[in-house]
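Chains, contacts and geometry: an overview
If you want the building blocks of each chain, they are given just below.
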Amino acid sequence: MYLKTLICLMLAMSANFSQADAGLAKSKNCYACHAVDKTVMGPAFKDVAAKYAGNKEAASLLAGKIRNGGEGFWGSIPMPPNAQVSDAQALKLASWILATK
């Protein structure tokens, strides 16, 4: 009984965590150029997660790209810097993106 309750609680918490980060992505206009499962102007979040899979420094690297922008990693369209995203928010977004399956 205890294990079943614990599992239900963990699932509920992870669903809320996922929704909160999707909300942060929406509030920071990430969806203007990205989607979870398809390429828009920028790569799909699932593709980003796959490209960084296994990289222990992926969250900090991706957070830096979110804040400072990037160019050439995904093609010719540069990602502009996102000054409206704090360092903590960038790390939260990066962790959420990397967990996207």
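See above for the structure.
Quantities reported herein were computed from a predicted structural model and do not represent experimental measurements.

A look at unusual backbone geometry
A positive phi angle, close to 65°, is found at Asn-29, a residue other than glycine. Relative to the helices and strands, Asn-29 is located in the loop between helix H1 (2–27) and helix H2 (45–52). Judged by its relative accessible area of 55%, Asn-29 falls in the exposed class.

Looking at the layout of surface pockets
In this structure, the largest pocket encloses a volume near 590 Å³. Along the wall of the largest pocket there are 31 residues; nearest its centre are Cys-33, His-34, Gly-42, Pro-43 and Met-79. When residues of the lining of the largest pocket are traced back to their parent elements, those giving at least two are H2, helix H3 (58–68) and helix H4 (87–98). Looking at which element gives the most residues to the lining of the largest pocket, the answer is H3, with 3 residues. Residue composition of the lining of the largest pocket, by class: 18 nonpolar, 10 polar and 3 charged.

Focus on the packing of aromatic side chains
Counting across every chain of the model gives 4 aromatic pairs. Ring geometry for Tyr-52 versus Phe-73: centroids 5.9 Å apart, planes at 35°, classification tilted. On the criterion of sequence distance, the pair formed by Tyr-52 in helix H2 and Phe-73 in the loop between H3 and H4 is long-range, its members being 21 residues apart. Judged by centre distance (5.9 Å) and plane angle (80°), the rings of Phe-73 and Trp-74 are edge-to-face. By relative accessible area, which is 38% here, Trp-74 ends up partly exposed. Among the aromatic residues, those joined into a ring-pair cluster are Tyr-31, Phe-45 and Trp-96. Its guanidinium or amino end placed over the ring of Phe-73, Lys-51 lies 4.4 Å from that ring's centre, counting from NZ or CZ. Taking NZ or CZ as reference, Lys-65 lies 4.4 Å from the ring centre of Phe-73, over its face.

So, how was this worked out
Residues numbered from 1 in each chain as written. Predicted model: local features only at pLDDT ≥ 70, side-chain atom pairs only at ≥ 80, totals over all residues. Heavy atoms only, no water. Helix = DSSP H or I, 4+ residues; strand = E, 2+ residues; numbered from the N terminus. Buried < 20%, exposed > 50% of the residue type's maximum accessible area, 1.4 Å probe, protein only. 1 Å grid on protein atoms, 1.4 Å probe; cavity = no way out; pocket = protein on both sides within 12 Å on 5 of 7 lines; lining within 4 Å. Points joined across faces, edges and corners; volume = space filled by probe spheres on them. Nonpolar A, V, L, I, M, F, W, Y, C, P; charged D, E, K, R; others polar. Phe/Tyr/Trp six-rings, centres within 6.5 Å; stacked < 30°, edge-to-face > 60°. Lys NZ or Arg CZ within 6 Å of the ring centre and 35° of its normal.

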